[in-house]
Structures are given as C-alpha cells and as structure tokens.
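Close look at the chain arrangement
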Amino acid sequence: MVILILAVAFGAATFFAVLPSPTQIASPNLRQLALTTLQVLDANKALAKVAFEDLGDQAWTDLEIALSASLPPNIVYNLTVYDMVEVGDATTYSKVHSITNSESGLGTDSEASTYLVTSTNVTFTVTPQKISGTLYILNCTDANGWWITGYTSQSLATDLQNLLSPYFNTTVMVQNTTDLGALLNGNEISSFPHENVTNAVIINTCGEAVPIPSMYADLFPRDSYAEYCYELGKRVNQYNWTWVSIVGYPFYYVSNTVKLSSSHNSWGIYGMRNVGSGGLNSFLRGLDVENYPSYSYDGSWITGSPGVVYFSSNASYYSNYYGLYPSPYQTATRALPSWIQGTYHTTVMASVFNPVSDRYAAATFKHTGTGAFTAIGLTRTPDIRITGLALLMYYHPIIYKSEFTLTAGERPTQRLVILQLSQQGGG
Amino acid sequence: MVGVTIDHLVATTAFIAAILLFVGLFAQTIQAAILYQQNRHVAFKASDLLDNILLSPGYPYNWGETNDTLSCFGLQKPGASGYVLSSFALMRLISLSGEPVEYPRDSGKWYNNISLGPGGYLFIPISDSINYETASRLLGVNGTYGFQLSIKPIIEVSISEYQSNPLKLKVEVNGPGFPLSGANLSYYLYRSYQTGQYPSIELSIGTTQTDSSGVTYLNFTFDGASETYTIVAYARLSGLLGLGHYSHETFTKGAGVIPFVVDYEEGKVYLAHSWDVHDTGTPVPNYFYSATFFILTEEFTFQEWPIANSTGQINYGGGGGQYNYGETTLPVGYPGFLLVTYRSGDDYGMCIMPWGIGTLAVSTLFGGNPAGNVWTATDLRQVIVDQMAYQVQITCWSLSGYQIWNSRGWF
C-alpha cells in the first residue's frame, strides 16, 4: 500500500512538474533580436523606403533576401507591414504586405517587435513656442559651486543651455561675477539684439552657492552677506525675474574666488562664504519687498526633509510633452514649506512633485506682485532635467508639430513594421 | 509469534526501502528543477549583460579614443542611440583571436593582435587595451558570472583569385543564414607601381551586382601574379552592409612592413621592419614605403587623408637597441584604414591596417574562456559599427552555484 501511495505521488509530481526543454530555458531574447534586426535593416532609412514601395517592386525581394541572410539559420521569421490611418482620435491598421520563410507558421513560442517607419518624402518639424524674456545662465568662472558634486557649474550651464535655449528667443551665458553685477544693475551684458533684462529667467548653476559680484560684496556685507541675498530678492521683484535654484538649500553660500579668496565655506572650499539659512529668508523678504521694505535678518532654518517625493500628475504629463524623463521619484531634503505663500505673498505654481507634509520639493513660487522663485529642494547631486521640467511646467510653452508631404498626403505617412521570430529545432 | 515478528521486520524493511527509493526519485526531480532555475537565471543574465554593454558608452564616454582608465564599461558609440557601437572602443578590447606580438622583439613591449588574415594587421599596445578582468569588474560580474563577446560582421565578403592572367577575382557575399543575392557591390582596387624611389598606388573603382548564389566576378586587364594590389569591396542590400578585402604581393621574403599603433591616444603609428618582429634570416631587405590613409565618409566612400611622413626608408635594426621604423600619425576619432605599399628592389608588398574596426569589417573575440562549463547561455543582437552590420553574441556562464567549473575544480 505504501509503495502504491508513493508511486502514485511520484507519478503525479512527475506529471505536473514538467520541465521545459533546454531551448525554452535559455532561448535567445528573440524580441530584442527582432528589434535590432529591424534597426539594422533601417540603416540609412532603407527599411522605410521599402515599406512604402509598391508590392511588385524589387525592393521587397531584396528585403526578403536581406532578412534571410541576416538571421541565424535556425530562426524563422514573419515580417508584416501595416498602414496606419488616423480617423479622429483612433488609429486603424490595415495590412499592406507580409513576407515569411516559414510555410507552417511560427508557433506559439514566437516573439515579435514593432518598428515605426516614416515615409522618406515626409518631413516632421517640431517648433517650440518661445518664452518671452531672456534666459540668463550663471556660468561664472570666478565662482565655485556647492552640492553640485560630480559636475562643475560650467558643465551644468552648458547642459542647461542645450536643454532650454530652444524655448527662449535669447540665451545669455553670464560668464563672470562682473557680468552678473552689471545684470543686477539692470544693464544688458551681450550684443544679442533681443536681450531684455526685464522678465528674464536666471538660473544659478552653483547649487547652494550664489555668485556675488565684488561691488555687491562691498555694498551688502551684513550678516555674512545675507544682505546681498535680500538685494537679489529685490532685483527679482524689480525686474520681474524668475530666479532658479537647481539643488539644495538656496543662498546658503556666496562665492567669488577673487573677492573671497581667503574665506572658505567651512568645508574647505575657498572663495566661498557660509551665509547659512538666513540667506533664503533674506531673499524671500527681498522678493516681497513691498512688505519688507528694508533689510532685516532672520536666521531660522525653513526647509524640510520629506524624503522620497513623487511626480505630480502634471509633471508626468509635461515630462511626456517635452520629452524630459528624469526619475519620477526623487529624494528631497531641502523642500520649501507651504507657509511661505502667506508670509511672503507668493503662490505655488507648477509643482513638480506632490507636496509632502505641506512641503514642496520642486516648484515655482510666484510673488503676487512681480518676480518668481523656482526652488529645487532635492538632495545632491542635481539633475538639471528636473530644473528644465520645473521651468517648462511654469511657462508651459506650446510645441508646434508640423508634417509636410511632397505628395499632398495621398499616401499614408507612417507604417508599422512587425517582425516576428521563432526558433526552430533544439527542443 | 516469530512469524509475526518476521513479517513485521520484512514490512518495515520494505517500507524503509520504498521511502529511500522514492526520496531519491523526488530528489532527482527537485534537483532538475533547481538546475532549471539556475540555468534560466544565467540566460536572463546573459541578455541583461549584453544590453548593458551595448546600450551604454561607458565612462569616460569617449574612452575608445583615449588612453583613459575606465570607470564604467560599455561599447555604445558616444552620442548615438540604440545599438550603434564605437569602432574605437572595440579596438581597445584585448582580443582572444590572435596571439600577442612583441615589438621590438625581446623588448618586453607586447601588442594586442586583432587578426585580419594575410596582409592585414592591427596591433594595439596591451598597456592601452582593456582586458577581460577590468571589464568584468566594471560590469559587476567579477567572480559571479563569466562572459565572452563575439563581435563579427553579419555579412561576410570573401575575395579570392579566380584567374591570374588577366586577373579575375571571385567575390562571395554571404550572411549567416543565406547568400546575399542581388547585392550591389562596389570595390576599390589599389595597385602598387613605381615612380622614382618610393612606390605609389593607382586606384580603380567599380560596381557590380551579385548573382542568385551571392557571387560575382571582377575582371581586370593586368596580370595578377606579377602585380601587387589590395582590393576592398563592400556589398549593400536593403540596409545591410558588408565588406571584405584581399591583398596580393610579389614580395615573398617575410612580412615586409608591419604597422604598430604605438600611442593610441595620439594616433601614432610605427611602420616597423619585419626583422624587428621576427628574424627572417639574411639578407635583410631594405624597404622604401609609401603610406596612405583613407578616411570613411558618411556616404561610405573612402577618401584620402594627408598624413605625416607618408614616404620613407626602413632598414633593419641591427641590434644594440637601435630599431628603424617609419612614423606617422592617424586622425584620432576618424575611422578609416592605412594602406602601406613598399618596395625592396623590384619586389613590391602591401599591408593594410584598419583604424576603427568597422572600416575593414574586422571581427573580434573578447572575454573569458567558457570551456569546461556544463551550462552556458548565449544571446545575440544585431548592431551597427561604422555603418557596417554586425552581430554581437554573448556567451555567459555562472561562476558560482551547482555544477560549475572553476580553477579549483568542479562544484
């Protein structure tokens, strides 16, 4: 009886615990092979040309030969091309042509990849709407950065220029603190015809430090240059600027490698002076100059550390819209509190992350009068795509997409190519 | 009573035997299932590892064009997207396919040998190359997984002499699964001739098409047996591009002039005397050479690019630490090939060196040795290198777990 029970149990276990064949255990990744095959065949737009040829054209035969030649002998394929026609909000697909080297089908173990090709006589253009106002990027060679570990402020400035300049009529790199001083005095600093100091966007690439012109260091030295931060806030209000801080605690240090050459930020970086948490309060008071007409010091620490924060639904939408894909969750340790809206008469606009405990990890605080402050309170190191996204969410310029065809739109402009692969033998 | 006891003993023994038998049978099933899981994991790892290598340029991004120490390993061409590889990064990999070469001999300076066949050379200093251990460590699989990468053109273009006088060359174009029939074939034939002291090259260009078996014949009017020439032919069909080359020389006294990349980052190349690599006996020839660099354009044509010291004389070293060589510099980051034609008396020779492995469709094999492992997983991708269609195959195996082999034996 015992033997019978065990035999039945073993038989049942063997029946149900069917192990797959070696082919199934470690078959090549056919989906990726299909995708890379399509990419190789589309080198120099060759596949796109074939996909729009008439069915009797030699190009289809050539494609069949090329497919057979490029795939390993034990791989069978089926390549199908579909027309894509947009009807209202829906897209319909109709089969155009199919080529295969398998008469009996590819079986259930096949994998497929899709590839979108565009007619070679079609041109797509993408033109972003221009944000009114000049983009100034602080690229000061005589200022050091902090919390931009792994980057230099100059490399960040270049990346930001590449990322954002298509959205602005004029982008000006502020090359040194002298230029910054001129800008703070309301002067144009380039020969670009459309440069306009008013309504500009200024991005500080030095992280938690802010460059300080020598003249301003002499004029506003109080409380370890917190007074200078107040002046910055006033200028933002005066010229209706949007001031952007890319990482960490804003205005925590000031930097000028010449003027402050003998000072260090208490971490051994010379050319920098520790302002402390009072710098941000001073800036916000300057921004709200109507209610804080004269400088006064407040050294309290106001940012919070909500930890991991997640993209708002708006951020997800604009991330797709502008093609900017930073990680949708980040760690925030210097998030601004919600109460500064009431205290400094600002309104939160375009928050990149959902607020946590009434703290905004990346958002633009627009003053009820003029001026705005975009603060990215994430921990180091900075991801400038977050900065780009925050600014684009705030200004939300429209992307104009155009399509031009030479044949007056008679033929479909896009076709979907599906390559299905299956492995033969070895089972 | 005794009978009952005996019955009891027999029953107990039978019961224990049955239990042991079926425990063994179950254990076999479970063991097979565990092995299945392990092997499947290796297969996944192979696919992941391959994509990690092919879809990242590594760091520094342009490490293929410098002598920089790597902090991240990847073969993607900087600035490109998708499966497009840097032909210079591939050139810095220590190849398993050729034995290292010492130059000058007995100097202790060894060169990575990416074998090209007769007349073709690619020697890179091993000190400037990336070895398997470094790549494995940077990929984070050191000690856990072994791998080997095979990077070879999808389309093989083989050229052979079909008839010598007048010269008729046979070109065969094949993929891994099928011959490439109806492919457009273009060729550049560089023929050596003497003008004064230094040899020169004469270029012939032509196009044709392969037949239904992927074969075509190229006809020339000269006697192939008495001429020195190199032909580079490429075939194109529906996005696929393959290339082959073939050299014939009348010089038969050794290897002649051999190019060595002595400073990778600077693109400095020595044109070495073969006697400094192998003692080919006496008399030792005296060479007059001409070197020409052809750069690969975006339209996949080869255009001449002026280089320094393009002509010169190389006598044998004579020992005493003194070695004679020609020296030139190639443009860093610009793929192409170096063609050297040389003369010794009335005999002519030619050699060719790719600069970036894609321009001459060079294959390379990089990684560890999978021999002895019970289970290896493979995966492959189609990629582009210098506009050329390549196939990258990874072979991956586990270095830990059950039924694996390492230097200490079986586990």
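Per chain, residue numbering runs from 1 following the sequence as it is written. To read the labels, note that chains go from A and ligands from 1, taken in the order they are written. With pLDDT at 70 or above as the cut-off, local features in this predicted model cover only qualifying residues; side-chain atom pairs require 80 or more to be listed or tallied, and sums for whole chains, interfaces and linings still use all residues.

**Overview of the overall build of chain A**
Of regular secondary structure, chain A possesses 13 helices and 20 strands. The buried share of chain A, taken over its 427 residues, is 46%. By definition, residues are in contact whenever their C-beta atoms, placed on the basis of the backbone, come within 7 Å of each other. Contacts spanning at least 24 positions in sequence make up 74% of the contacts within chain A whose residues lie at least 6 apart. In this description a helix means any DSSP run of H or I spanning at least four residues, a strand means any run of E spanning at least two, and both kinds are numbered starting from the N terminus. For every residue, the other C-beta atoms within 10 Å of its own C-beta are counted; 20 or more classify it as buried, 12 or fewer as exposed, and values in between as partly exposed. C-beta atoms are placed from the backbone.

**Regarding the interface of chain A and chain B**
Counting from both sides, the interface comprises 35 residues of chain A and, opposite them, 39 residues of chain B. Of all the secondary-structure elements, those providing two or more residues to the side of chain A that touches chain B are α1 (2–16), α3 (30–41), α4 (46–51) and α5 (58–70) of chain A. Amino acids are sorted into nonpolar (Ala, Val, Leu, Ile, Met, Phe, Trp, Tyr, Cys and Pro), charged (Asp, Glu, Lys and Arg) and polar (every other residue, Gly among them). Residues that form the side of chain A that touches chain B fall into these classes: 24 nonpolar, 9 polar and 2 charged.

**Observations regarding the sheet that holds strand β3 (residues 111–118) of chain A**
Note on sheets: strands pair through backbone hydrogen bonds, and any given pair is parallel or antiparallel. All names here are of chain A. One open sheet accounts for 4 strands, arranged β2-β1-β20-β3; its pairing is antiparallel. Where the open sheet ends on each side, the last strands, each with one partner, are β2 (90–100) and β3. Along the sheet, successive strands turn relative to each other by an average axial angle of 25°, direction set aside. Strand pairing is assigned whenever DSSP identifies at least 2 bridges connecting the two strands. As paired elements, β3 and strand β20 (residues 414–423) share 8 bridges and run antiparallel to each other. For Tyr115, the partnering residue across the bridge sits in β20 and is Val417. Axis geometry follows a simple rule: fit a line to the C-alpha atoms, using only the stretch in contact for helices, then measure angles between N-to-C directions, giving values from 0 to 180 degrees. Running at roughly 70° to β2, α5 makes contact with β1 (75–87) and β2 of the sheet.

**Some details on the confidence of the model for chain B**
Along the chain, pLDDT gives the predictor's confidence residue by residue, from 0 to 100. Confidence along chain B averages 87 in pLDDT terms, with 95% of residues attaining 70 or more. As scored by the predictor, the complex reaches a pTM of 0.67 and an ipTM of 0.85.

**Describing the pairing of strand β13 (residues 329–332) of chain A**
All names here are of chain A. The alternating pattern of β13 places Gln330 and Ala332 on a buried face and Tyr329 and Thr331 on a face that is not buried. With 4 bridges connecting them, strand β12 (residues 307–310) and β13 associate as antiparallel partners. Across the sheet, the residue bridging to Gly307 is Ala332, located in β13.

**Points about the packing of helix α6 (residues 153–164) of chain A against helix α13 (residues 384–395) of chain A**
Residues and elements named next belong to chain A. With their axes 10 Å apart at the nearest point, α6 and α13 run at an angle of 40° to one another. Our classification of the angle between α6 and α13 gives oblique. When the axes of α6 and α13 are compared, the crossing they make is right-handed. On α13, the residues touching Leu156, Asp159, Leu160, Leu163 and Leu164 of α6 are Ile384, Thr387, Gly388 and Leu391. Considered class by class, the residues forming the contact of α6 with α13 number 6 nonpolar, 2 polar and 1 charged. Angle categories: roughly parallel below 35 degrees, roughly antiparallel above 145, roughly perpendicular from 65 to 115, and oblique for all the rest. By definition, any crossing whose near helix is turned counterclockwise from its far helix by less than a right angle is left-handed, and any crossing with a clockwise turn is right-handed.

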